[in-house]
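# Breakdown of the fold
The primary structure of each chain is shown beneath.
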Amino acid sequence: MHMTTINRNYLKLPGSYLFSEIARRVSVYADANPDKKLIRLGIGDVTRPLVPAVTAAMHAAVDEMATAEGFHGYGPEQGYDFLREAIAAHDYHARGVEIDPSEIFVSDGAKSDCGNIGDIFGTDNVVAVCDPVYPVYVDTNAMAGRAGDFSEETGKWNRLVYMPCVAENGFAPAIPEEKADLVYLCFPNNPTGAVATRAQLQAWVDWANANGSVILFDSAYEAFISDPEIPHTIFEIPGAKTCAIEFRSFSKTAGFTGTRCAYTVVPKALERDGASLNALWNRRQCTKFNGVPYVVQRGAAAIYTPEGHAQVMENIAFYKRNAKVIFDGLKAAGLTVSGGENSPYVWAKTPDGMGSWEFFDKLLHQANVVTTPGAGFGPSGEGYIRLTAFGGADATVEAVERICKVL
Ligand code: PLP
């Protein structure tokens, strides 16, 4: 009998996804303690509504869609020119970076793009990831067969290169000594909240150009950078256009987590194996993707208007105040904390050598605050928890007070 086979790489993926395990523990506790009011500083979803400039643009676009002249069917797979041009002008030209709209690919999410980018690279490439890491980079490479086999004992895949980001190196990964063809870098970092300096990024770019490697640079949290010395895009670094692809998202910048819009920059100067990666990504997108809805792209473009920009930056400032409340509060309570300054994430060391999950459970049961155990992001995350600034202002203050009480 003929039997359909599957992609067996999927069977190698370890069972429980971090956030499902958190959800499971939270619901077990909540069911047993229905009177307790939980505050969630765990999952990185935003809570502030879309800003008025965005919703006004979307309303207008919906009205256009209801007319024969203004109706839009399939749009360009790469995104509408109005959005690609606005991105190029405001996110790049305004920072002195020459990126052409044809190098910008609008998409439905940085998550999809970070995962899908693997389509244009050989499965024989060696992939390097930070440890701890945003799990999407690891799991999508495992699905493609690039990660090898997973060991429950070490918590690692045997074909991935892990770059520890620990207190000793200031949560900045060292350039690997071993071969690495594709390197995922994420700054401001999820989960540690760390940022990379210009000098650090220059070292990565020089290394990638010298070795023929490609940097996959995720700057989904770029909007949270307030330190004027910290680069907002990898393309501020000389030489980056011949070695880097950048992922950006409207999710955290403008509250688009449920609206879905992002973009990926693949420079025309980036070639490997005799091929233009811009051309390959264009081919991939045209084949597998039919574009982001017109209404959504109109909403995204509205954040580049003066009023839209001011409104989204107010929301970012709101979250950054929460981050400061968390950072300052936990620090005053004696915890070792980092991140939070150019990032919505605070990375806190567990007290008394407690394990991540143990401290997670303690905070859930005693403070009724949901956090994220660092160990869920990789072996080097053990002994840490991540707290997010995406909650309400009062809830964040209360959560920090409750945590301090149980410490
Ligand atoms: N990249 C990082 C580092 C993230 O933390 C997230 C979301 O949490 C994403 C990408 C996903 O972005 P999007 O909503 O655009 O898919």
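Just so we're clear, the structure is a prediction, and the values are computed from it rather than from any experiment. (Residues numbered from 1 in each chain as written. Predicted model: local features only at pLDDT ≥ 70, side-chain atom pairs only at ≥ 80, totals over all residues.)

### Some thoughts on the packing of helix α3 (residues 81–92) against helix α9 (residues 294–301)
Here is the rule: Here the axes come from fitting lines to C-alpha atoms, over the contacting stretch only for helices, and the angles between their N-to-C directions go from 0 to 180 degrees. Numbering goes from the N terminus for both helices and strands, where a helix is a DSSP run of H or I of at least four residues and a strand is a run of E of at least two. If an angle is under 35 degrees, it is roughly parallel; if it is over 145, roughly antiparallel; if it lies from 65 to 115, roughly perpendicular; otherwise it is oblique. In this scheme, a crossing is called left-handed if the near helix is turned counterclockwise away from the far one by less than a right angle; it is called right-handed if the turn is clockwise. By the convention adopted here, residues are in contact when the distance between their C-beta atoms, placed from the backbone, does not exceed 7 Å. Gly is put with the polar residues, along with every residue not named as nonpolar or charged; the nonpolar set is Ala, Val, Leu, Ile, Met, Phe, Trp, Tyr, Cys and Pro, and the charged set is Asp, Glu, Lys and Arg.
One way to put it is that α3 packs onto α9 with a least axis distance of 9 Å and a crossing angle of 25 degrees. Classified by the interaxial angle, the pair formed by α3 and α9 is roughly parallel. Like other packed secondary-structure pairs, α3 and α9 cross with a definite hand, here left-handed. On α9, the residues touching F82, L83 and A86 of α3 are Q297, A300 and A301. Split into classes, the residues belonging to the contact of α3 with α9 amount to five nonpolar, one polar and no charged.

### Focus: the sheet that holds strand β13 (residues 337–339)
Defined as follows: When DSSP locates at least two bridges between a pair of strands, those strands are taken to pair.
Spatially, β13-β14-β17-β16 is the arrangement adopted by the four strands of the open sheet, whose pairing is antiparallel. Every other strand in the sheet has two partners, leaving β13 and β16 (372–373) as the edge strands with one partner each. Of the strand pairs in this sheet, strand β14 (residues 345–349) and strand β17 (residues 384–388) are connected by five bridges, and their pairing is antiparallel. Counted as the bridge partner of W347 is R386 from β17. Packed onto the sheet, helix α11 (residues 356–367) meets β16 and β17 and runs at close to 45 degrees relative to β17.

### Digging into the pairing of strand β8 (residues 214–218)
Short version of the rule: Whether a residue is buried, exposed or partly exposed is read from the other C-beta atoms within 10 Å of its own C-beta, which are placed from the backbone; 20 or more gives buried, 12 or fewer gives exposed, and intermediate counts give partly exposed. Crossover handedness is defined by viewing with both strands directed away from the observer: a clockwise path from the first strand over the helix to the second marks the crossover as right-handed.
Most of β8 sits inside the fold, with five of its five residues counted as buried. The two faces of β8 match: V214, L216 and D218 on one face and I215 and F217 on the other face are all buried. Both strand β7 (residues 182–186) and β8 contribute to a ladder of five bridges, which runs parallel. Each bridged residue has a counterpart across the sheet, and for L182 the counterpart in β8 is V214. Handedness of the crossover joining β7 and β8 through helix α6 (residues 198–211) is recorded here as right-handed.

### Focus: the site of the ligand
Formally: Put plainly, near means the residue's C-beta atom, positioned from the backbone, lies within 6 Å of the molecule or strand in question.
The full set close to the ligand counts 13 residues, and G109, A110, K111, S249 and S251 are the nearest of them. For the shell around the ligand, the per-class residue count stands at five nonpolar, six polar and two charged.

### Some remarks on the nonpolar core
Inclusion rule: Only buried residues count toward a nonpolar core: Ala, Val, Leu, Ile, Met, Phe, Trp, Tyr and Cys, linked into one set through C-beta atoms within 7 Å. As used throughout, domain bounds are those supplied by an automatic or database domain assignment.
In terms of nonpolar packing, the biggest core is built from 117 residues, with V129, I215, L216 and V346 touching the most fellow members. At eight residues, the largest contribution of residues to this core is made by helix α10 (residues 306–332). Counting contributing residues, this core receives three or more from each of domain 1 (14–49 + 308–406) and domain 2 (54–304). Beyond its immediate stretch of four places on either side in the chain, I215 contacts V183, L185, W204, A208, I234, C243 and A244.

### Quick look at unusual backbone geometry
Omega for the bond connecting D131 with P132 falls within 30 degrees of zero, at 5 degrees, which places this linkage in the cis form. Inspection of the secondary structure puts P132 in the loop between β3 (127–131) and α5 (135–143). The step from F187 to P188 runs through a cis peptide bond, and the omega angle for that step is -10 degrees. Tracing the sequence through the fold places P188 in the loop between β7 and α6. At F171, a position not held by glycine, the phi torsion is positive, near 60 degrees. Structurally, F171 is set in the loop between β6 (160–164) and β7. Taking the C-beta count within 10 Å as the criterion, F171 has 23 such neighbours and is therefore assigned buried. Notably, N368 is not glycine yet its phi reads approximately 55 degrees, a positive angle.

### Section: the UniProt feature "binding site: pyridoxal 5'-phosphate" (unreviewed entry) in the chain
What counts here: UniProt positions are given in the numbering used here, feature names are shortened, and annotations may be inferred rather than shown by experiment.
Those residues carrying the UniProt feature "binding site: pyridoxal 5'-phosphate" (unreviewed entry) are Y74, A110, K111, Y134, N190, Y221, S249, F250, S251, R260 and N290 in this numbering. The largest pairwise C-alpha distance within this set of annotated residues, which runs over 217 residues, is 34.0 Å, so the set is dispersed in three dimensions. When near neighbours in sequence (up to four residues on either side) are disregarded, A110 contacts D218, A220, F247, R248, S249 and A262. Within the element layout of this structure, S249 appears in strand β9 (residues 244–249).

### Quick look at α9
When you tally the buried positions in α9, you get seven out of eight residues, the bulk of the element. Residues Y294, V296, Q297, R298, G299, A300 and A301 constitute the buried set of α9. Buried residues along α9 sit against α2 (52–65), α3, β2 (104–107) and α7 (250–254).

### Regarding the domain arrangement of the chain
Under the domain assignment, the chain is made up of domain 1 (14–49 + 308–406) and domain 2 (54–304). Each of domain 1 and domain 2 was reduced to a C-alpha centroid, and the two centroids are 25 Å apart. Taken residue by residue, the interface counts 30 residues in domain 1 and 36 residues in domain 2. Taken together, the elements giving at least two residues each to the side of domain 1 that touches domain 2 come down to α10, β13 and β14. A class-by-class count of the residues in the side of domain 1 that touches domain 2 yields 12 nonpolar, 14 polar and four charged.

### A closer look at the packing of α2 against α9
In the contact formed by α2 and α9, the axes pass within 8 Å of each other and the chain directions differ by 150 degrees. On the basis of the axis angle, α2 is roughly antiparallel to α9. α2 and α9 meet at a crossing whose hand is right-handed. Of the residues in α9, those in contact with V54, A57, M58, A61, V62 and M65 of α2 are Y294, V295, R298, G299 and A301. Class assignment of the residues belonging to the contact of α2 with α9 gives a composition of nine nonpolar, one polar and one charged.

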